Amino acid sequence: MTLAAGVSKFEAVTMAPPDPILGVSEAFRADTSDAKLNLGVGAYRTEELQPLVLNVVKKAEKKMLESGENKEYLPIEGLAAFNKATAELLLGADSPAIKEGRVATVQGLSGTGSLRLGAAFIQRYFPGAKVLISSPTWGNHKNIFNDAGVPWSEYRYFEPKTVGLDFEGMMADIKDAPSGSFILLHGCAHNPTGIDPTPEQWEKIADLIEEKGHMAFFDVAYQGFASGSLDQDADSVRLFVKRGLEILVAQSYSKNLGLYAERIGAINAVVHSSDVAVRVKSQLKRLARPMYSNPPVHGAKIVANVVGDAALFDEWRAEMEMMAGRIKTVRQRLYDDLSTKDKSGKDWSFVLKQIGMFSFTGLNRAQSDNMSDKWHVYMTKDGRISLAGLSLAKCSYLADAIIDSYYNVQ
Ligand code: KET
């Protein structure tokens, strides 16, 4: 029997636009030029522009293979050893909140899945509450809250004139939000701007959130990538916890352990009592069960083995510092090349001031198009380049491309 050719029941389905970040990799793959460079997605590459599997990850996997572990379902909340290790990495092993049982941790499908679970929790238990998102922010934040049915608006964050933080604007917008709003904050290495509040500014942000009865929802996707130190990069989160503020925190191991495809992360709620923590966790599990039932085990075991083992943890720290260090080196080289090649006297020092994986170049959409169309340099259309995908050898070429796009395209 042949299938009846006819009008598809799916005829009304329209073509979705490419994803603003992951779609860049698709365009890159389609380009046949030898000069092509993918600075779109925030994924670490070696100086040879190859993906990197960390040595500690290989060691942990070897251990896992040797011990012959099974493939049973994990509990809905994930691997217990992972949940313990991830909360300790975030809050510090000696955190009173952990000791007092005030942290509800549920393993999630990396940062995105953990944010999505947090958003579903807000939608269910804080109906109508608004989430405030920085302008600009990581491209997927708005999708996540939209799909979870959580209303959101933006707070000012970036000041193009100074290429710095619009702290006054940020504070004013958080102040104006209805009491009980959730304030989405990047724990460190703000994406895409590479600009973080100073410790003093974090104090003021915490003051205001407390005063207004808001709640901070941290997105921690780059712990270790801002300063090179895993501890220092958790200072913002720890400051809120130290003050006794309740918070939500989504974590990701995509970047700092290079576990992109393992989809490993967590959603944490730090709350006032162990009693509340138990109930919050039970409801996070209830939300997870019909969405994906329970999380994958492989990445969770890698993290548990690395973070929970003193020797591997130290090795990880060194590899983390190496990755962060390589990015700092290309950052410096790019700045040097831009400054020597550009005879106009333009101040490119913002490249050096920005931190983390990215540089927010200030290139507009047309200029970004020129980067890919003429120079085969792929980047997101908001003007962000991933320095994690850049090598020292390509800095000079990239500087030429940026200068051409900046001065010759409106
Ligand atoms: N938060 C932020 C701020 C973030 O930049 C990413 C990923 C994530 C969460 C989620 O990552 P996950 O792999 O789900 O743990 N950002 C890079 C990749 C992407 O867009 O998915 C990026 O900005 O290029």
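In this text, all values refer to a predicted model and were calculated from it rather than measured experimentally. (Residues numbered from 1 in each chain as written. Predicted model: local features only at pLDDT ≥ 70, side-chain atom pairs only at ≥ 80, totals over all residues. Heavy atoms only, no water.)

Quick word on the pattern of salt bridges
Using the criterion set out here, one finds 19 salt bridges in the structure. With its nearest N and O atoms 3.4 Å apart, the salt bridge here joins E47 to R326. In this pair, E47 sits in the loop between β1 (37–38) and α2 (55–66) while R326 sits in helix α12 (residues 310–341), placing the two residues 279 residues apart along the sequence. Residue classification places E47 among the partly exposed residues on the basis of a relative accessible area of 28%. Note that E66 is salt-bridged to K62, the shortest N-O span being 3.4 Å. In this pair, E66 and K62 are both assigned in helix α2, four residues apart and thus about one turn of the helix distant. Counted as one network, the salt bridges with shared partners bring together E203, D207, E210 and R243. (Salt bridge = Lys/Arg side-chain N within 4 Å of Asp/Glu carboxyl O. Helix = DSSP H or I, 4+ residues; strand = E, 2+ residues; numbered from the N terminus. Buried < 20%, exposed > 50% of the residue type's maximum accessible area, 1.4 Å probe, protein only.)

Some thoughts on the environment of G113
Within the secondary structure layout, G113 lies in helix α5 (residues 110–125). With 179 residues separating them along the chain, G113 and Y292 place their C-alpha atoms 10.0 Å apart.

Thoughts on empty space enclosed by the protein
Inspection of the entire model under this criterion finds one cavity of 30 Å³ or more. Within this model, the largest cavity holds a volume of roughly 40 Å³. Within the lining of the largest cavity, the residues separate by chemical class into six nonpolar, two polar and no charged. (1 Å grid on protein atoms, 1.4 Å probe; cavity = no way out; pocket = protein on both sides within 12 Å on 5 of 7 lines; lining within 4 Å. Points joined across faces, edges and corners; volume = space filled by probe spheres on them. Nonpolar A, V, L, I, M, F, W, Y, C, P; charged D, E, K, R; others polar.)

Focus: α12
With 32 residues, α12 extends 47 Å from end C-alpha to end C-alpha; this agrees with the ideal 46 Å at 1.5 Å per step. Capping the start of α12, D309 holds a side-chain oxygen 3.0 Å from the backbone nitrogen of A311, two or three residues further along. (Expected span 1.5 Å × (residues − 1). Polar contact = N/O pair within 3.5 Å; in protein donor to acceptor, adjacent residues only side chain to side chain.)

Topic: the site of the ligand
Taken together, the neighbourhood of the ligand is formed by 16 residues, with S110, T112, N191, D219 and S252 sitting nearest. One of the side-chain N or O atoms of W138 is found 2.9 Å from an oxygen atom in the ligand. Between a nitrogen atom of the ligand and a side-chain N or O atom of K255, the distance comes to 3.1 Å. Considered on its own, the ligand offers 520 Å² of accessible surface; in the complex 92% of this is hidden by protein. Structurally, the ligand is housed in the largest pocket. No other element matches α5, which puts three residues into the shell around the ligand. (Near = heavy atom within 4 Å. Areas by Shrake-Rupley, 256 points an atom, 1.4 Å probe, with all protein chains shown as cover. Sits in = over half its atoms within 2 Å of the grid points.)

Quick look at the packing of helix α7 (residues 167–176) against helix α8 (residues 199–212)
Two elements in contact, α7 and α8, have axes whose closest approach is 10 Å; the angle formed by their N-to-C orientations is 15°. Taken as axis vectors, α7 and α8 run roughly parallel relative to one another. Crossing hand, α7 versus α8: right-handed. In this structure, α7 uses F167, M170, M171, I174 and K175 to contact α8, whose residues at the interface are Q201, K204, I205, L208, I209 and K212. Taken together, the residues of the contact of α7 with α8 break down into seven nonpolar, one polar and three charged. (Axes fitted to C-alpha atoms, helices over the stretch in contact; angles between N-to-C directions. Parallel < 35°, antiparallel > 145°, perpendicular 65-115°, else oblique. Left-handed = near helix turned anticlockwise from the far one by under 90°. Contact = heavy atoms within 4.5 Å.)

Focus on the domain arrangement of the chain
Each assigned domain of the chain is listed with its residue range as follows: domain 1 (20–53 + 314–408) and domain 2 (73–308). The C-alpha centroid of domain 2 is placed 27 Å from the C-alpha centroid of domain 1. Opposite the 23 residues of domain 1 that make contact, domain 2 presents 29 residues. Across the interface of domain 1 and domain 2, roughly 2,100 Å² is buried in total on both sides, 69% from carbon and sulfur atoms. When the buried area of domain 1 at its contact with domain 2 is split by residue, W316, I355 and F360 rank highest and sum to 34% of it. Connecting domain 1 to domain 2 are zero salt bridges. Our enumeration of links across domain 1 and domain 2 arrives at six residue pairs in polar contact (both at pLDDT 80 or more). Breaking the side of domain 1 that touches domain 2 down by element, the ones donating at least two residues are α12, α13 (350–353) and β11 (358–360). Among the elements that make up the side of domain 1 that touches domain 2, the one with the highest residue count is α12 (eight residues). Each residue belonging to the side of domain 1 that touches domain 2 can be placed in one class, and the counts come to 13 nonpolar, four polar and six charged. (Domains from an automatic or database assignment. Buried area = accessible area lost by both parts, 1.4 Å probe.)

Brief notes about the environment of P178
You can see P178 is positioned in the loop between α7 and β7 (182–186). Of the residues examined, P178 reaches a relative accessible area of 45% and is grouped as partly exposed. C-alpha separation for the pair P178 and F313, spaced 135 residues apart in sequence, amounts to 42 Å. Those residues in contact with P178, other than ones at most four positions away along the chain, are K130 and H214.

Section: the layout of surface pockets
Taken as a whole, the largest pocket spans an internal volume of roughly 580 Å³. Every residue lining the largest pocket is counted, 29 residues in all, and those nearest its centre are L22, V41, T112, W138 and K255. At the level of elements, α5 and α6 (140–148) are the ones that each hand at least two residues to the lining of the largest pocket. Of all the elements, α5 adds the most residues to the lining of the largest pocket, at four residues. Looking at side-chain class alone, the lining of the largest pocket contains 11 nonpolar, 12 polar and six charged residues. Mapped onto the domain boundaries, the lining of the largest pocket takes at least three residues apiece from domain 1 (20–53 + 314–408) and domain 2 (73–308). Of the voids in this model, the second largest pocket is the one considered here, and its volume is about 440 Å³. Together, 24 residues line the second largest pocket, and P20, I21, T380, K381 and D382 are the ones closest to its centre. When contributions to the lining of the second largest pocket are tallied by element, the ones reaching two or more residues are α1 (22–30) and α14 (365–373). It is α1 that contributes the most residues to the lining of the second largest pocket, three residues altogether.

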